[in-house]
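# Coordinate analysis (summary)
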Amino acid sequence: MEIVIQRSADAAIEFVTQIIAREIRGNPRCVLGLATGRTMEPVYARLAQLHGNDGLDFSACRTFNLDEYVGLAADNKHSYRHYMNQHLFDKVNIAFDNTHLPDGVAANLADEGKRYERLLAQAGGIDLQLLGIGLSGHIGFNEPLSALSSRTRVVELAPETIEQNAQLFGGAHNMPRQAITMGVGTILDCRRCILLATGYEKSEIIAEAVKGPITHMVPASALQLHSNCTVVLDDPAAALLGRISNYV
Ligand code: GLP
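Here the structure is a predicted model, which is why all the values come from computation and not from measurement. (Residues numbered from 1 in each chain as written. Predicted model: local features only at pLDDT ≥ 70, side-chain atom pairs only at ≥ 80, totals over all residues. Heavy atoms only, no water.)

### Regarding the pattern of salt bridges
A side chain of one charge can pair with a side chain of the opposite charge when the charged atoms of the two come close. With the rule as written, the count across this model stands at five salt bridges. The partner of Arg-191 in a salt bridge is Asp-127, and the shortest N-O contact between them spans 2.9 Å. Of this pair, Arg-191 sits in the loop between α6 (184-188) and β9 (193-197) while Asp-127 is found in the loop between α4 (109-122) and β6 (128-131), placing the two residues 64 residues apart along the sequence. Classification of Arg-191 by relative accessible area gives partly exposed; the value is 43%. One salt bridge in this structure joins Asp-189 and Arg-151, with 3.0 Å as the shortest N-O distance. Of this pair, Asp-189 sits in the loop between α6 and β9 while Arg-151 sits in the loop between β6 and β7 (153-156), and the two are 38 residues apart along the sequence. Owing to a relative accessible area of 51%, Asp-189 belongs among the exposed residues under this scheme. For Arg-151, a relative accessible area of 35% gives the class partly exposed. Through salt bridges that share partners, Glu-117, Arg-151 and Asp-189 make up one connected network. (Salt bridge = Lys/Arg side-chain N within 4 Å of Asp/Glu carboxyl O. Helix = DSSP H or I, 4+ residues; strand = E, 2+ residues; numbered from the N terminus. Buried < 20%, exposed > 50% of the residue type's maximum accessible area, 1.4 Å probe, protein only.)

Okay, structure coming up:
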């Protein structure tokens, strides 16, 4: 696990944006794993800028998002499909058919998990997976107790996650209680993982994920097992890591 600490959130965002842009330039047919959440919004804004100003070309890229809320259709403004269209897909030259998210309103959600895994395998797996981290320690929506070998499936959201995201839904009572998410095992299969966290609010869970034991109680700690994982932080998110600035 490589830890990169940048002075500011802007610098951390730029660092991650440039990793993604390099991946796309070096391998125009790359398969990108994408994440949602507030942390990623400025990354997508920068990628859209690089498309507009420097011609960063998404036309051959394929994307797979980590997760979707159960019960939210694509046209629901709280769905992750809506988020991705709004923040990235509508702003770059990606082919809509090349963008994938689990279907949160599939008639059979167990089959949907299997279908998503098949689609991922047919695409040849994920070259670069972007990750955020939830205050519960989740990656995707893999909440505490998620098996480290888990695959795409329906999960119950943790109370911390409901609390963390409730404001986006105008209150906890409006929030879905379930999501469909790539598993920890699915994420560990990606060829490269980049986790981005910014702000002091994330410092405690980052310290647990990076320095703590590998445990299903902190699903992000499973990334310690990945052979090509970079954790990009700003100073506040790295505040509890002590003096060590680089783990490999
Ligand atoms: C969300 C997503 C995660 C994301 C995390 C952090 O609920 N399912 O993929 O990384 O929570 O969100 P934020 O960036 O808003 O803190």
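Right, picking up where we left off after that structure.
### Let's talk about the environment of Val-232
Residue placement: Val-232 occurs in strand β10 (residues 229-234). Owing to a relative accessible area of 0%, Val-232 belongs among the buried residues under this scheme. Measuring from C-alpha to C-alpha, the distance between Val-232 and Ala-45 comes to 18 Å, with 187 residues separating the pair along the chain. Not counting residues within four places of it along the chain, the set of residues in contact with Val-232 comprises Val-4, Ala-12, Phe-15, Val-16, Ile-194, Leu-195, Leu-196 and Ala-197. (Contact = heavy atoms within 4.5 Å.)

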